[in-house]
Structures are given as C-alpha cells and as structure tokens.
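Per-entry structural report
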Protein chains: 4
Amino acid sequence: MQPAPFDPEPHSDDRFVRDRTSGHVYHRVRHRVLYADTDRSGVVYHANYFRYFEQGRASVMRDLGYPYAEVEASGYVYPIVELGLRYFHPLAYDDEMWIHTRPTELEKVRVKFEYVISHVEGGERICTGFTQHCAANERGVPVAVDPVTVNAWKTFPR
Amino acid sequence: MQPAPFDPEPHSDDRFVRDRTSGHVYHRVRHRVLYADTDRSGVVYHANYFRYFEQGRASVMRDLGYPYAEVEASGYVYPIVELGLRYFHPLAYDDEMWIHTRPTELEKVRVKFEYVISHVEGGERICTGFTQHCAANERGVPVAVDPVTVNAWKTFPR
Amino acid sequence: MQPAPFDPEPHSDDRFVRDRTSGHVYHRVRHRVLYADTDRSGVVYHANYFRYFEQGRASVMRDLGYPYAEVEASGYVYPIVELGLRYFHPLAYDDEMWIHTRPTELEKVRVKFEYVISHVEGGERICTGFTQHCAANERGVPVAVDPVTVNAWKTFPR
Amino acid sequence: MQPAPFDPEPHSDDRFVRDRTSGHVYHRVRHRVLYADTDRSGVVYHANYFRYFEQGRASVMRDLGYPYAEVEASGYVYPIVELGLRYFHPLAYDDEMWIHTRPTELEKVRVKFEYVISHVEGGERICTGFTQHCAANERGVPVAVDPVTVNAWKTFPR
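Everything in this summary refers to the structure shown in the same document. Residue numbers here run from 1 along each chain, matching the order of that chain's written sequence. Whichever chain is written first becomes A and whichever ligand is written first becomes 1, with later ones labelled in order. Owing to the predicted nature of the model, reporting of local features is limited to residues with pLDDT of at least 70; listing and counting of side-chain atom pairs is limited to 80 or more, with chain, interface and lining totals taken over all residues.

One frequent convention defines the size of an interface as the accessible area lost when the parts assemble. Here the contact rule is simple: place C-beta atoms from the backbone, and any two residues whose C-beta atoms are within 7 Å are in contact. Contact with chain B, which involves 15 residues of that partner, is made by 15 residues of chain D. Put simply, the parts of the chain that give the side of chain B that touches chain D at least two residues each are helix 1 (49-63) and strand 5 (80-87) of chain B. Among the elements that make up the side of chain B that touches chain D, the one with the highest residue count is strand 5 of chain B (8 residues). Residue polarity is assigned by list, with Asp, Glu, Lys and Arg as charged and Ala, Val, Leu, Ile, Met, Phe, Trp, Tyr, Cys and Pro as nonpolar; anything else, Gly included, falls into the polar class. By residue class, the composition of the side of chain B that touches chain D is 9 nonpolar, 3 polar and 3 charged. To qualify as a helix, a DSSP run of H or I must reach at least 4 residues; to qualify as a strand, a run of E must reach at least 2; elements of each kind are numbered from the N terminus.

Despite not being glycine, B:Asp94 shows a phi value in the positive range, around 75 degrees. Its place among the elements puts B:Asp94 in the loop between strand 5 and strand 6 (96-106).

Turning to the relation of the copies chain B and chain D, a few remarks are in order. When chain B is brought onto chain D, the operation consists of a screw motion whose angular component is 180 degrees and whose axial shift is 0.0 Å, with 0.0 Å RMSD remaining. Taken together, the turn and the small shift mark the pair as related by a two-fold rotation axis. Every residue of chain B has its C-alpha some distance from the rotation axis, and the shortest such distance is that of B:Gly84, at 2.1 Å. Most of the interface of chain B is mirrored in chain D: 100% of its interface residues are interface residues there too. Superposition of the copies used a least-squares fit over C-alpha atoms from residues whose pLDDT is at least 70 in both.

Another point: the interface of chain C and chain D. Facing 9 residues of chain C, the contacting portion of chain D comprises 9 residues. Taken together, the residues of the side of chain C that touches chain D break down into 5 nonpolar, 2 polar and 2 charged.

Our focus in this paragraph is the environment of C:Cys134. All names here are of chain C. Structurally, Cys134 can be placed in strand 8 (residues 125-134). Burial in this document is a count-based property: other C-beta atoms within 10 Å of a residue's C-beta are tallied, and the residue is buried at 20 or more, exposed at 12 or fewer, or partly exposed in between, with C-beta positions derived from the backbone. The exposure class of Cys134 is partly exposed, given the 19 C-beta atoms found within 10 Å. The residues contacting Cys134, other than those within four sequence positions of it, are Pro79, Val81, Val109, Arg110 and Pro142.

All right, on to the nonpolar core then. Formed by 142 residues in total, the largest nonpolar core has its most connected members in A:Ile117, B:Ile117, C:Ile117 and D:Ile117. Discounting chain neighbours no more than four positions away, the residues touching B:Ile117 are B:Tyr49, B:Tyr52, B:Met97, B:Trp98, B:Ile99, B:Ile126 and B:Cys127. The term nonpolar core refers to a set of buried Ala, Val, Leu, Ile, Met, Phe, Trp, Tyr and Cys residues connected through C-beta atoms within 7 Å.

The next subject is the pairing of strand 3 (residues 25-32) of chain D. Residue and element names in this part refer to chain D. By definition, two strands form a pair when at least two bridges between them are found by DSSP. Relative to strand 3, strand 2 (residues 16-19) runs antiparallel, the two sharing 3 bridges. The residue of strand 3 that forms the bridge with Val17 is Tyr26. Joining the antiparallel neighbours strand 2 and strand 3 is a turn of 5 residues, in which Gly23 adopts a positive phi near 80 degrees. By the bridge criterion, 6 bridges tie strand 3 to strand 6 (residues 96-106) in an arrangement that is antiparallel. Following the sheet pairing, His27 is matched in strand 6 by Thr101.

A word on the environment of A:Ala58. Inspection of the secondary structure assignment puts A:Ala58 in helix 1 (residues 49-63). Residues A:Ala58 and A:Thr101, 43 residues apart in the sequence, show an inter-C-alpha distance of 9.7 Å. Setting aside anything within four residues of it in sequence, one finds A:Ala58 in contact with A:Tyr68 and D:Leu34.

Of the transformation placing chain C onto chain D, the axial shift is 0.0 Å and the rotation is 180 degrees, giving an RMSD of 0.0 Å. When you check the interface residues of chain C against chain D, 100% turn up at the interface there too, and the contact is symmetric in its surfaces.

Next up on the list: the pairing of strand 8 (residues 125-134) of chain D. Residue and element names in this part refer to chain D. Pairing analysis gives 7 bridges linking strand 5 (residues 80-87) to strand 8, with the strands arranged antiparallel. Across the sheet, Gly84 pairs through a bridge with Phe130, a residue of strand 8. Judged from the 9 bridges that link them, strand 7 (residues 110-119) and strand 8 form a sheet pairing that is antiparallel. Pairing of Glu114 across the sheet is with Phe130, part of strand 8. Here strand 7 folds back onto strand 8 in antiparallel fashion, the turn holding 5 residues, of which Gly123 has a positive phi close to 85 degrees.

Structure follows, in structure tokens:
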C-alpha cells in the first residue's frame, strides 16, 4: 500500500533534487502550513493540498523561465481536466514542507505534473499526486500545447 | 462591549425578520458549517465568515429580484472597498446559522450591507459585520449606483 | 474519453435519483456557485469541487440518519486517504448544480464515496470524482469501520 | 478618502521598514498571488487578504522569536474578536506584494496588529487593515496576555 520511500539527493542546484528510488528529478520549493489551511481535525484539510500543488507548479514554471502568467498572456490557458492524490501522513499547523513538482507526460493537447510533498524536518512523504491539464485558447477550445510549454518540458533537468 | 441582544421577530414572510432591539428588518438565509470552514481551533476560521456574508448578500439580491449575476451582466461591478467584523461567539462544525443581511446606506457611488449571524439552535449572536461596495463600470471606473440596485434598496422591506 | 451520459431518473423520494446509464442510485443536493468559489478564469477553481463533495457527503449521511458530527462524537474519524476527479465542463458564477453522492465500496477499514456533479439547468455532467476514507480512532489508529457507518452503507437505497 | 501615502524606508535590517509618513515601523514579508486567491473579477477575492494578514502575523512573531505555534503550545490562544480592512487597489494573479505587519495596542487581555499590503513593483498601497485578538486559555476563558507575547510587543523595533 505504501509507496517506495521518497529519497531525494541533491541535483544540479538547490532547487532540484533526484529521488534515488525512482530516479526522477523534481523541482522543489519550501512552504509552511497556515492556520487557514487546517481544519478541526488539527491538520491540513485535504483540498488545500491543491493550493500547494499550484504553488509548486507556478514555481517550477517560473524557475524554468516560463511563468504561467506569461503563458496566459500569450493566449493559452491550461485548465485541469483530471487530478488525483494519495495521502500518507498529515501536515500540522506551522509544519514546513517541501513541494516537489515534476513535469511528466507531454501529449499533443495535454500536459501532466506529478507532485510529492514531504515533511522538511522528518523527511516522510506526506502525499503524492498529479494534475493533468488541457491546452486551450482564450475561447476554451482545445489546441496543441504551446511551443513555450513544450520547451519547458524539454529543458526540465533529467 | 457586548452589543444589545439580537432579538428577531417574524416579518412580512419567513425570509424576513425584524430585530426588536434595533427595529431593523433583515433578510435571512439558513446555512450549515462545513469541515472546510473550520480550522484547528475547532471552530470557523475568521475569514470564512465573509463567505457567509457573500451568501447572505447574493440571497437577498436574488429574493429582491435583482440577482447580482444580472447586475454584472448589465455592466456594473460592486467591489468591496471596506469591511469590518466583530465576533461574539464561535461556530463549530455542523452548526446551523441564520445569515441576516440588510442593505443600509445608499450613496451616490457606494452601497453598504450589514450582517448579523446567529446560531439557529441557541439564538445567540455569533458576529456582526458590514461590507461597503463601490459601483464601477466594466473598466473599474467609479460610476453612480445603477438604477436596479437603487430600486432594490428602495423596495427592501422596512 | 467522455464518460457515458449521466442520465438520472426519479427514485424513492426526491433526494434520490437513479442513473439510467449505470443503474446506480445517488443521493443529491442542490447548490449554487459563490463568487468565492471562482478564480480569474471565470469558473470554479478546481480544488473547490472538494467543498461540494464534502457537502454531498455530509448531506447523504445526515439524510441516512447518521450525521458525520455524530460519527466523530462516537469516537471515529474518517480522514481521506485517496481522491480523484475528472472535469468535463466548467461551472460559472451563480450556476446551480446537483451534487450526487453514492456510498460505494465498504472494506474492513475503508469506505469510498463516488460523486457526480451536474448542471441543474443544462443537465450536463460537470465532473465525476471519488474520495476514499480510512476509519480511525481518536488517536488516528486505523480501526474497523464503525457499525453505524456500516449500517448507513447497507441501508442506502439500491 | 485616500490615506496618506505609505512611504517605507529601510530600518534595522531588511525585514523591517519605517513608513516616513506615519513614523511607524513595520515588519515585512514578500508574497505572491496564487490563482487560488483570485475570483472571476480577475483580482484577489476580498476575504483572501486575511490569509495574507495571517502570514504577516505568523512571520513577525517567528522573527521576534515567539512563533505562534509555541504560544499555543504554552496554553494560550488568541482568537480574533474584531477586524477591519480598507481596499485601495486590487492585486492580480502573480503580483508580488509586501505584507507589512505591526503590533500596536497591548491591553490587559487583548492585542492588536495593523497591516499594510503594498505592491512590490509599483509601490502603491493595496489595503490597510487590523485584527484584534483576545487572550484566552485552552478552555476559551479570557486571561491576561501571556508574558512571551507581552515581551514580543515590547521588543518590536520602534
């Protein structure tokens, strides 16, 4: 049931790590849990992990030189068409996490990101998820993934 | 410190009550606390009361015959320029509340709503607040309050 | 890619429908999109559908006679361990939706809900998703699903 | 109507600035708008500014050496009893802001924070607000402000 351990080692620069288990390279960004993110069970409400994923996604695109705001400014949007999440450990108030993000599949009209959130202090895997996005123009019509995004996928460190 | 008791009695129909203490008439709508609204203190996170206020506001405008979606469709927007809230008692998960909403000041380019949230079961006042909105056209330029909104203010039961 | 049409017909009482396509019975509750739920693309932010799912879940448990607040009061919690969502059409501000919820798998320590959200006016399927929950005691230790929840699963109309 | 300009100059270290207009010293932290924070008007939903305020508050307490998580661990809670906000300019997706936070009034059982959010690039004042908190013990009974918090107020740079 539990996935293989997430076991990151340093990669190119400190914004990237490689998971020794899977061999995958991930971009990462550090973030801390707000009171606003928690619910009465004392830990982060399940839906709020998608905020963290958005932050990971925005951060990797910016670090690759293609901030999502510019992608939209160029006439493309990337609405989410599917997502999934598995939870292994909860995050509590004020906990620090690493949000790891990795561009994975690149299809003609779709792109996919995978995420691993881990606890900064303890290192354990908090959750694993993905978001799949469809390329569309400003009128919402599906179109081929724009060249800038294609390039981001191709230049992501392997 | 504590305000005078909120003491509602039935008014015109069951969507409206009159507060015996202040004499003010309020529209009301019933709502229940979700897990998503709470935080790790076990009660509703302070900022989430503004969702409830939005629901009260949307509900009163719809019941007066001027749903806010139509106001926007006619070319006006009403961004909030000021707001305030005082909290007296917390709301817990699954608690039911009455959201009471009352259009108050109508100025040339601004309108104001006041809100009282009370506990359905116990009747106690949970919080009192207000939102002040500026009329603007689609480009964000302040303009006179639109005639439909003026009419909503004038036809609200007194 | 598109799922078979969601094609509900009346069932036992107006809180339940049967999907002619799959034969499954769903509980349903009506809900309307708030401004707070939307994002700058003009439609509901993807993570906010999990609020709607929570509302569906809370509503079906209440209507079956086992409000989740009572489940927790009896010493059980049901944190989400996995979830998934596929989006077919967006929901816009002020749109009304039906949230359809169906208890599905009942395992020794886990339960699962499936959801279909459809547009009240147009009838189209907005999204389909699921949440899987693990039964735990107040210290977070996995335990067998409590008898009240088992009973809710067994009495859900088929 | 418009407040005097917010005109910050460097102070002790780069986490603090002094507003030349008012003479007040503020702690500051940089933050960027997520898609999740916006609504269909294209800018940040009014209630989401309270997330930013929470982040400012948490950050100043941590930098003063008294993280709020430790305050709670020592048996005190500081629920908000009143808040207010005035909006001057909107923030759009991906905009960077400075969240300025300043501990102000220290009463026997209450403390107050004031906030100014400004646009990193343009420098304009986005909004100004406050939160007032009541000291309470773990059972929610109002008590004198704890000595650690008193000390934080006293050591905040002036």
